[in-house]
Structures are given as C-alpha cells and as structure tokens.
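# Secondary and tertiary structure notes
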Amino acid sequence: MQRASIWVVICLLLSISTSSQQKKIKVIADQDSAGPQGTNFLSLLMLLRAPQINLLGITTVSGDQWMEPATVFALWGVEQAKRPDVPVIKGAEMPLLNTTREQELREVLYGSYVGWHGSFNPDAPDPKQTWAPPGGYPKLKPKPGRAADFIADTIRANPGEIVLYCAGPLTNIALAIRMDPEIVPLTKEIYIMGGSSSGGPELNWWWDPEAAAIVLRAPWKQIVISPFEAGAQVWSSAELMRKAVQAGGPLANHLKAMYLDYQPPAGTSLWSMMWDELMVASLIDPSVIKRSETMYLDVDIEHGPKYGHTLVWKKPDDVPQFFLAYSGPQGPDREKWLGHLAPPLQLHPASVQMDVDLKKFEDIFVKLMSQ
C-alpha cells in the first residue's frame, strides 16, 4: 500500500513537471543581434534566461549590423546566458531588393530621412568583417543550414505552437513564406518589432520594405506589432542596470562590465530606447501593454521618397461628417458610407502596442536579467 502511494506521488510530480514544460512558449527568435550592448543583445539575453520561454533557435539577419557580426554576437549571447543548447542559424545578408547603392541614390534625390541606417550607414564595416566580443570570439559555432529553412522546418515540426519573435528586418521570414507558404497558418502568433503606429520610416521595415510587405500581407492567425513609438516609451539607464546588477544572478557581472563600468567611445551612448526588450516582456506578460489598437499596416514599396515608410489604415469610429455647403441636401448616406469604410483587401488586422506600463516593464526586465 505504501509503495502504491509513493508511486502515485511520483506520477503526480512527473505530470506536474510535464505540464509545466508544455506551458512554456515555443519561440523562434529572428534578430539582427548587434552587440555587446543595446536593445538587440539584451532582448536575446531576456529570451535565453526566461523560464517561460522554450527558445528553439536564433536566426540572424542584417539590419542594425550585418549578419556575420550579428551571428558572432548571437553565439556570444548564448554563451553568456549559459544556454549552449540553443542553436544559432545564419540568415540573409542583404534585403530582397533594396541595396546600399539605391539608398545612396535616393538620398541624392530626396535627402536623408532616417538618421540611423543600420548596416547601410555610410561608415558601416564590410559585410564580412567580424570582431571579437569582450573576452574573445565565442567557442560555439552556428548550426549548418539557412535561417529560412530552419524557420519553416521548425514550424512544421511544431504545428500551432510556434511564436515567431521578429526583432530585425523581416528578410528571413519573407524567404521562409515564399519557400513554404503553408507555414503561415501553422504558426501560433507572430510578434514583430517594427514600423510606426503613426506612419513614417522605421529601420526594420525601411531596410527591407519588400520583405516587410510580404510578411504583413500573409494571413497569420495573430499579428502583434510593437512599433517604434511603443519602444520609445522605455529607455535603458544606469539606474535600471544598477537594479539588475544588485538583484544578482548569472548575468550580473556581464551587465556591470558592459554598462556600469564601461566608458563608450566619443560620439556613442550606452543608453537607448528598449524596443526589442519591450516586445520580449509583452510576449511573456501581455499586461505590460496598457493599451493596444487594431490596425492594418503595410509598407510603401514604390521606390520613391517614401520607400519603406509604414502605411496605416484604422477603421473610423463612425462615418465622416462634412461641411453642409459641400454635401447634398439629405446629408451623408450612413449605410453607403459604412460599406465603403473597409480595410485594404491584402491586409490583416494587427494588434499594435500603444501605451506601456513602465514600472511593470522594468520589473520584468530586472527579474529576467537576474534569473
């Protein structure tokens, strides 16, 4: 009888453990992981250390930095987080159509309208150049293969379970869709850091506009977008890093060395908007976003002055009112107007993050950094 009771307890514990594992969010992180400081790298550390996340792989892409150095820093991040089980797979080095030369020619015609060009910066290094993170190059190597293949194969192996976390240009995701369109309905959710809730340029979409358009026009089950304006509400700071260091944990020494003890070169700053970190926090705890709006977002892919700008369509609250002198004697026909106010046929509704709970975000950040 006693043995039977022990067996029941063991089975119960195993069941609880299995249930806990099943509740983890399966994530593929697609990231332009520049480093060693900054929003790209910190967000990867958050994903790697979060107990709520089952990170199945990191795919790298050019954007803030070229893909080759981004891969080096992704591997270094995996080592810093002590997660050698997480594979890193190289992705696209160049956009689908956009090029450095075309960007230069557009600026000759229209002027520069984005201060930060990422790996299209006029002083950007050669795409193949890499440099050692603090302490030397990582010992880990990238997994053989291509990011788009890894994304498609992993989604097919986990139908209805994968959350795509996309915090760089969307080139890898667009390539995966073009190779295997059936992965779209097999994906649980797609979280996209990029675009603008008010329209205009933002680097991740501006750098590869065609890729962003392909991804936004795909019929995902659920689209969550963390636009430029949401991330602009949260900033890194010495005070925030000090809290994370004082909380302890395996990353405390890393944060102290990279942020509190480090003196940045002239013309640079350690502190920035925390766009990618906010998206990680919202993936783990959606209540960190106090308000979202449903919008239909697209990207201008005409190769003119607004190439890469975000296009926004929101359903109006009601039919428009017009100045009487310019209307017919009966006023507007409400039913005809309601039938007219429809979103573009090629687009799908997205939940766009608008207002952030700053304290909740900082609490989540500190907790994950000290896990």
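Now for a description of the structure that goes with this document. (Residues numbered from 1 in each chain as written. Predicted model: local features only at pLDDT ≥ 70, side-chain atom pairs only at ≥ 80, totals over all residues. Heavy atoms only, no water.)

### Regarding the overall build of the protein chain
In terms of regular secondary structure, the protein chain is built from 15 helices and nine strands. Taking 2.2 N^0.38 as the reference for a compact globule, 371 residues should give roughly 21 Å; the C-alpha atoms of the protein chain span a radius of gyration of 23 Å, in line with that estimate. In the protein chain, 82% of the contacts between residues at least 6 apart in sequence involve partners at least 24 apart. In the protein chain, 33 positive and 39 negative side-chain charges are present, and the distance between their average locations comes to 8 Å. (Helix = DSSP H or I, 4+ residues; strand = E, 2+ residues; numbered from the N terminus. Rg over C-alpha atoms; globule rule 2.2 N^0.38 Å. Contact = heavy atoms within 4.5 Å. Lys, Arg positive; Asp, Glu negative; His and termini not counted. Charge placed at Lys NZ, Arg CZ, Asp CG, Glu CD.)

### Concerning helix H2 (residues 39–49)
H2 sits mainly inside the fold: ten of its eleven residues count as buried. Taken as a whole, H2 has its buried residues at Thr39, Asn40, Phe41, Leu42, Ser43, Leu44, Leu45, Met46, Leu47 and Leu48. (Buried < 20%, exposed > 50% of the residue type's maximum accessible area, 1.4 Å probe, protein only.)

### Observations regarding a nonpolar patch on the surface
A surface patch of nonpolar side chains, amounting to about 230 Å² of accessible area, comprises Leu96, Leu97 and Leu175. Position of Leu97 among the secondary structure elements: in the loop between strand E3 (88–89) and helix H4 (100–110). (Patch = residues over 30% accessible without salt bridge, like charges linked within 9 Å, V, L, I, M, F, W, Y side chains within 5 Å. Areas by Shrake-Rupley, 256 points an atom, 1.4 Å probe, with all protein chains shown as cover. Salt bridge = Lys/Arg side-chain N within 4 Å of Asp/Glu carboxyl O.)

### Points about the pairing of strand E6 (residues 223–226)
Going residue by residue along E6, you find Ile223 and Ile225 tucked away on one face and Val224 and Ser226 tucked away on the opposite face as well. Taken together, the four bridges between strand E5 (residues 189–193) and E6 define a ladder with parallel strand orientation. By the bridge assignment, Met193 is partnered in E6 with Ser226. In this structure, E6 lies alongside strand E9 (residues 350–356), joined through two bridges in parallel fashion. Paired with Ile225 across the bridge in E9 is Val352. (Pairing = 2+ DSSP bridges.)

### Description of the side chain of Thr187
Residue placement: Thr187 occurs in the loop between helix H7 (183–186) and E5. A polar atom in the side chain of Thr187 sits 2.8 Å from the backbone oxygen of Ile183. Among all residues touching Thr187, those that are not within four sequence positions of it are Ile155, Ile162, Leu164, Trp220 and Lys221. (Polar contact = N/O pair within 3.5 Å; in protein donor to acceptor, adjacent residues only side chain to side chain.)

### Observations concerning the sheet that holds strand E4 (residues 162–166)
In spatial order, the strands read E3-E2-E1-E4-E5-E6-E9-E7-E8; together these nine strands make up an open sheet with mixed pairing. One side of each edge strand has no neighbouring strand; the edge strands of this open sheet are E3 and strand E8 (310–313). Packed onto the sheet, helix H9 (residues 209–216) meets E5, E6 and strand E7 (289–299) and runs at close to 110 degrees relative to E7. (Axes fitted to C-alpha atoms, helices over the stretch in contact; angles between N-to-C directions.)

### Description of the pattern of salt bridges
Counted under the stated rule, the structure contains 16 salt bridges. In this structure, Asp149 engages Arg146 in a salt bridge whose closest nitrogen and oxygen atoms are separated by 2.9 Å. Take Asp149: its relative accessible area is 25%, and that puts it in the partly exposed class. What makes Arg146 exposed here is its relative accessible area of 56%. Notably, a salt bridge pairs Glu293 with Lys314, separated by 3.5 Å at the nearest N-O pair. Note that Glu293 is positioned in strand E7 and Lys314 in the loop between E8 and helix H14 (334–340), a separation of 21 residues in sequence.

### Some details on unusual backbone geometry
With an omega dihedral of 5 degrees, the bond running from Gly35 to Pro36 counts as a cis peptide bond. Its place among the elements puts Pro36 in the loop between strand E1 (25–31) and H2. Even without glycine at this site, Lys82 takes up a positive phi of about 60 degrees. Mapping Lys82 onto the fold places it in the loop between helix H3 (67–80) and E3.

### Here's the deal with the environment of Leu47
Here Leu47 lies in helix H2. In this structure, the C-alpha to C-alpha distance between Leu47 and Ile28, residues 19 residues apart in sequence, is 9.9 Å.

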